[in-house]
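# Structural description and commentary
One letter stands for each residue in the lines below.
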Amino acid sequence: MRWGRLAVGWLMLGLMMSMPARAAERIIDLATGAEISTSQLLADLAQQDVLLLGEVHDNALHHQRRGELLQQLAQRRDAPLLVVAEHLQSGQRVQFQGDMLTDLARAGFSAQSWQWPLHQPLFAAIRQAGLPLLGGNLAPEQARAIARQGASALPAPLADILQQVPLPPAAAATLDQDLLDGHCGQLPPQYLPAMQLAQRARDAAMFTALRDGGSGMAVLVAGNNHVRRDYGLPVMFQTLLPARHMRVVGFVEDNPAVLAQRDALRRQYDYVWITPAQDRPDPCQ
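Anyway, here's the lowdown on the structure attached to this text.

Calculation criteria
Residues numbered from 1 in each chain as written. Predicted model: local features only at pLDDT ≥ 70, side-chain atom pairs only at ≥ 80, totals over all residues. Heavy atoms only, no water. Helix = DSSP H or I, 4+ residues; strand = E, 2+ residues; numbered from the N terminus. Polar contact = N/O pair within 3.5 Å; in protein donor to acceptor, adjacent residues only side chain to side chain. Contact = heavy atoms within 4.5 Å. Salt bridge = Lys/Arg side-chain N within 4 Å of Asp/Glu carboxyl O. Buried < 20%, exposed > 50% of the residue type's maximum accessible area, 1.4 Å probe, protein only. Phe/Tyr/Trp six-rings, centres within 6.5 Å; stacked < 30°, edge-to-face > 60°. Core = buried A, V, L, I, M, F, W, Y, C linked by side-chain atoms within 4.5 Å. Disulfide = S-S within 2.5 Å. Axes fitted to C-alpha atoms, helices over the stretch in contact; angles between N-to-C directions. Parallel < 35°, antiparallel > 145°, perpendicular 65-115°, else oblique. Nonpolar A, V, L, I, M, F, W, Y, C, P; charged D, E, K, R; others polar.

If you trace the backbone, Asn 137 turns up in strand β5 (residues 133-137). There is a polar contact of 3.1 Å between the side chain of Asn 137 and the backbone oxygen of Glu 86. In this view, Asn 137 contacts Ala 85, Glu 86, Leu 88, Gln 89, Ser 90, Arg 202 and Met 206; residues no more than four positions away in its chain are not counted.

Structure (structure tokens):
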């Protein structure tokens, strides 16, 4: 019976992938290929120790939906719920006292870099729910130093994590290709090792913030590439904290070419929350 449900689920997903892009949002359980409701998603997420929520950075709907998820999770759980954000610097805790942007800026948020107010719905929901909000990312000058100087610029705790959790060759190659694609194919190959190191150092910093955040559920809000199971933070949890129960939700846009790669998606996320594709100029033009 279980395999029958799996086959039906994947058939449904295949049919949806072959249909023209539609405006409706949908959530896919990648273990079965079935479309599920928000309530079904929440029922599973509420049982986890660690939750990683991805994003396409310039998609405001992704930030709104994650804010709504966090509010509903806070209502479902009696245990504490802590949020770590890629958008804030490691070691910083947001104290919501007045103007939200001012409060975020004190914790290292850059309105220009993150195209404020795109993330406003996310942080407004966190503030409204009264959830603790911590920074997880490297300071920009740290990331630049690592990209320029390599491993010698790594803080010792992060270097120790990366030494314990090397990427398998296939995962490292995938990350390299994504870095190249992210730079429109214009990144000289000799810069790839340092760029990969800087990316993984950011992951290690966010892993540390989640690990040390305290009891209860720890939630990360970050770009999709940081939460991927094949080369992102989950690799560190699987090696160093394998007993932590984790779910990864990728927030992706309705792109038939990407969504048709079902095996690749299953290696990256547990669920995908699909939203309408957003019109934007080609950054590589």
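From this point, the discussion proceeds with the structure in view.
Attention now goes to the pattern of salt bridges. Scanning all chains against the criterion turns up 12 salt bridges. Note that Arg 26 is salt-bridged to Asp 254, the shortest N-O span being 3.1 Å. Taken together, the residues Arg 26 in strand β1 (residues 26-29) and Asp 254 in the loop between β7 (246-253) and α12 (256-259) connect sequence positions 228 residues apart. Residue Asp 254 is classed as buried on the basis of its relative accessible area, which comes to 7%. The closest approach of N and O atoms between Arg 66 and Glu 55, which form a salt bridge, is 2.5 Å. Taken together, the positions of Arg 66 in helix α3 (residues 60-76) and Glu 55 in the loop between β3 (50-53) and α3 put the pair 11 residues apart, joining distant regions of the chain. For the residue pair Arg 66 and Glu 55, the accessibility class agrees, reading buried in each case.

As a further point, take the packing of aromatic side chains. Going through the model one piece at a time under the given rule, you end up with four aromatic pairs. The structure contains a cluster of three or more aromatic residues connected by ring pairs, namely Phe 109, Trp 116 and Phe 123.

Leave glycine aside and you will find that most residues have negative phi; peptide bonds, for their part, are mostly trans. A cis amide bond links Trp 116 to the next residue, Pro 117, at an omega of 15 degrees. Looking at where Pro 117 falls in the secondary structure, it is placed in the loop between α4 (100-106) and α5 (120-129). In this structure, Gln 115 is a non-glycine residue whose phi angle is positive, near 55 degrees. If you trace the backbone, Gln 115 turns up in the loop between α4 and α5. Gln 115 sits in the partly exposed class, given a relative accessible area of 45%.

With that settled, the discussion passes to the nonpolar core. Formed by 48 residues in total, the largest nonpolar core has its most connected members in Leu 52, Leu 210, Leu 220 and Val 272. Counting residues per element, this core draws most heavily on helix α9 (residues 192-211), which supplies 10 residues. Discounting residues that sit within four places of it in the chain, Leu 220 has contacts with Leu 51, Leu 52, Leu 53, Val 84, Glu 86, Met 206, Leu 210, Val 227 and Leu 233. Ile 36, Val 83, Leu 122 and Leu 133 belong to the second largest nonpolar core, which has 33 residues in total.

Turning next to the state of the cysteines. In protein chemistry, a disulfide is the covalent bond that joins the sulfur atoms of two cysteines. This structure, assessed with the given rule, holds one disulfide. A disulfide bridge connects Cys 184 with Cys 284, and the sulfur atoms are separated by 2.1 Å. Taking the sign of the S-S torsion, about -85 degrees here, the bridge from Cys 184 to Cys 284 comes out left-handed. Of this pair, Cys 184 sits in the loop between α8 (169-182) and α9 while Cys 284 is found in the segment after β8 (271-275), placing the two residues 100 residues apart along the sequence. Exposure remark for Cys 284: the relative accessible area of 41% places this residue in the partly exposed category.

We now examine the packing of helix α7 (residues 156-164) against helix α11 (residues 233-240). For the pair α7 and α11, the least separation of the axes is 10 Å and the interaxial angle reads 80 degrees. Of the possible angle classes, the one that applies to α7 and α11 is roughly perpendicular. In this structure, α7 contributes Ile 161, Leu 162 and Gln 164 to the contact, and α11 contributes Met 236, Thr 239 and Leu 240. Residues that form the contact of α7 with α11 fall into these classes: four nonpolar, two polar and no charged.

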